[in-house]
Amino acid sequence: MKETAVRNPSVAVDLAARPASEARSKATLRQLLGPLQVLISPLVLLLVWEGAARAGWIETKFFPAPSTILAQFWTMLFTHGFWVDLGLSLQRLLIGLLMGAVPGLLLGLAMGLFRPIRIAFQPLIAALYPLPKIAILPLILLIFGLGEMSKYVIVAIGVFFLMTLNTFAGVMSIRPIYFDVAKNLGASRWQTYFTVALPGALPGILTGLRICTGLGLLLLVAAEFVGADAGIGYRIWWSWSVFWVEPMYVGLAVIAILGFAFAYLIDFAERLLFPWLRNPSR
Amino acid sequence: MTTEPKVIVRDVERTFDVRRRAFRALEGVTLDVQRNEFLCIVGPSGCGKSTLLRMLGNLEKPSSGLLQIHHESAQRPLSAMIFQEESVFPWMTVAQNAAYGVKITGTWRGPESQRRVDELLEKAGLSRFRDFYPHQLSGGMKQRLSLVRAWATSPELLLLDEPFAALDEQNKALLQQELVKLWEEYRSTVVFITHSLEEAVLLGDRVAVMTSAPGRIKEVVSVPFERPRALASLRRSGEFNQLVTGLWESLREEVERARAAELRALAGRVPETASGGAR
């Protein structure tokens, strides 16, 4: 009875003989606090960590207390170097993403739509995709040197494969009947691409984009470890070499925040631009 | 010239490769569809009636034989098809879906076309849902929307492939009446595939019965009821029931034959291909 009352205030009046407003305020409170539930476990972890560090149970040389890291973060926010690092890494990530995602998108669409292209590229992609992209980092550094281009390229290569495969899968998952509708009505090639293939593949494309930002960050940090003199990855590596662990944790936190922000941004854009994706009727 | 049939089908055959074996879906199909006629096609499942319709809709090509559709006006698209499966685009709103056909066939003429689309949406009871996406609609509404999308193009040939098969009885009855009303008002040539004999007799001017696979036209029966038709009262008339019973006699033979062929194929003794060849 209690459950019913909370979920459906209007029923509560008849069944539970309880003021509807009380039930309603309980419901809204739950709605308001609901999203905050995700914070519970990270907060508990941080609290335990903080307590353990202060009590001396863990080695603070390796695991400084969260409050110490936060203080370090705060001071770094006012240094010029922090923003240079962040700006550079963001620039590398975005340019690399663009360089990899756009060709990947086009090849994925082409593979999905044209059999000859599918036959030509699918074995190639399947063979190269499982290769860990970090393994070719030395080669990339050799070819492109220590400049910006090597960072763009390593991100782009990783992103390219993921984007190709996800877009391809997206096109293949479009129900054939949608193509039948277009064909029956006499749609031209380009009309079919733009009204059926592209929107139909969007769920796959967006999934690809989501994974790509994660992989892009990973490759970027790896590249900055060994082949850069600025950037968040470089800063983490540098912290190790000077044995100063707090900036390292700040770098890790920044990467985590970036990953979260990108995921949130993509979700937001998706909800805004493609409302039908939230509840696709397939 | 005006007495020339709208659609001429002569000796059409269609073979598919199924697991490296040739499967003959249609064989020697010969049929005329008259201008502005409402023709229903019934047949046992798997008899190739959908294949025949897909050929008329330019989605398949005959393996051999002649298939001719008389295209009268460049202002109107040749055909528009309505499928049994859900076929409205989930990425378009109701309004965009409704206008899609007209826009894609290149027959869009600005406000005039928009008026027609709006009018049909209104008739289909979808006006209030213009900005909704299909996932927010019921199954019946989605099927009405695909009807609007096809009809808005004023096709010379409207092709329907068991459009109401997936709907519940109430929705089906309502949609049948709406379709008949629309057709009586706008008139165009309609080919309507169904497995329901009642539906065929209710809607059609003529009913073509197909044989089991490989499908051919077994007989064509004229439906004498006048227009406009009130489907509800027609259903209860004795003449209606007589027609349906007669058609069922004709169809039952084919259904039984199809069943026997299925059983043989399952037993694996006789290849599914040539089962009808002896006839």
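Shown above is the structure to which this text applies.
Residues numbered from 1 in each chain as written. Chains lettered and ligands numbered in written order. Predicted model: local features only at pLDDT ≥ 70, side-chain atom pairs only at ≥ 80, totals over all residues. Heavy atoms only, no water.

1. Focus: the overall build of chain A
Scanning chain A for helices and strands turns up 13 helices and 0 strands. Taken from the N to the C terminus, the helices and strands of chain A come in the order α-α-α-α-α-α-α-α-α-α-α-α-α. Relative to its 282 residues, chain A shows a buried fraction of 41%. For chain A, the exposed surface amounts to about 15,900 Å²; the carbon and sulfur share of it is 73%. (Helix = DSSP H or I, 4+ residues; strand = E, 2+ residues; numbered from the N terminus. Buried < 20%, exposed > 50% of the residue type's maximum accessible area, 1.4 Å probe, protein only. Areas by Shrake-Rupley, 256 points an atom, 1.4 Å probe, with all protein chains shown as cover.)

2. Describing the environment of K133 of chain A
Residues and elements named next belong to chain A. With respect to the secondary-structure elements, K133 resides in the loop between α7 (115–128) and α8 (137–144). Excluding residues within four positions of it along the chain, K133 makes contact with L128, I154, I157, G158, F161 and L219. From its side chain, K133 meets the backbone oxygen of Y129 in a polar contact 2.8 Å long. In this structure the side chain of K133 is engaged in a polar contact, spanning 2.7 Å, whose partner is the backbone oxygen of L131. (Contact = heavy atoms within 4.5 Å. Polar contact = N/O pair within 3.5 Å; in protein donor to acceptor, adjacent residues only side chain to side chain.)

3. Focus on the interface of chain B and chain A
Taken together, the contact between chain B and chain A spans 27 residues of the former and 20 residues of the latter. Note on chain B versus chain A: buried area summed over both sides is about 2,200 Å², and carbon and sulfur give 62% of it. On the chain B side of the contact with chain A, W91, I104 and H135 of chain B bury the most area, a combined 32% of that side's loss. Where chain B meets chain A, there are 2 salt bridges. A salt bridge links R54 of chain B to D180 of chain A; the nearest nitrogen and oxygen atoms lie 2.9 Å apart. Counting the contacts that link chain B with chain A gives 8 residue pairs in polar contact (both at pLDDT 80 or more). (Buried area = accessible area lost by both parts, 1.4 Å probe. Salt bridge = Lys/Arg side-chain N within 4 Å of Asp/Glu carboxyl O.)

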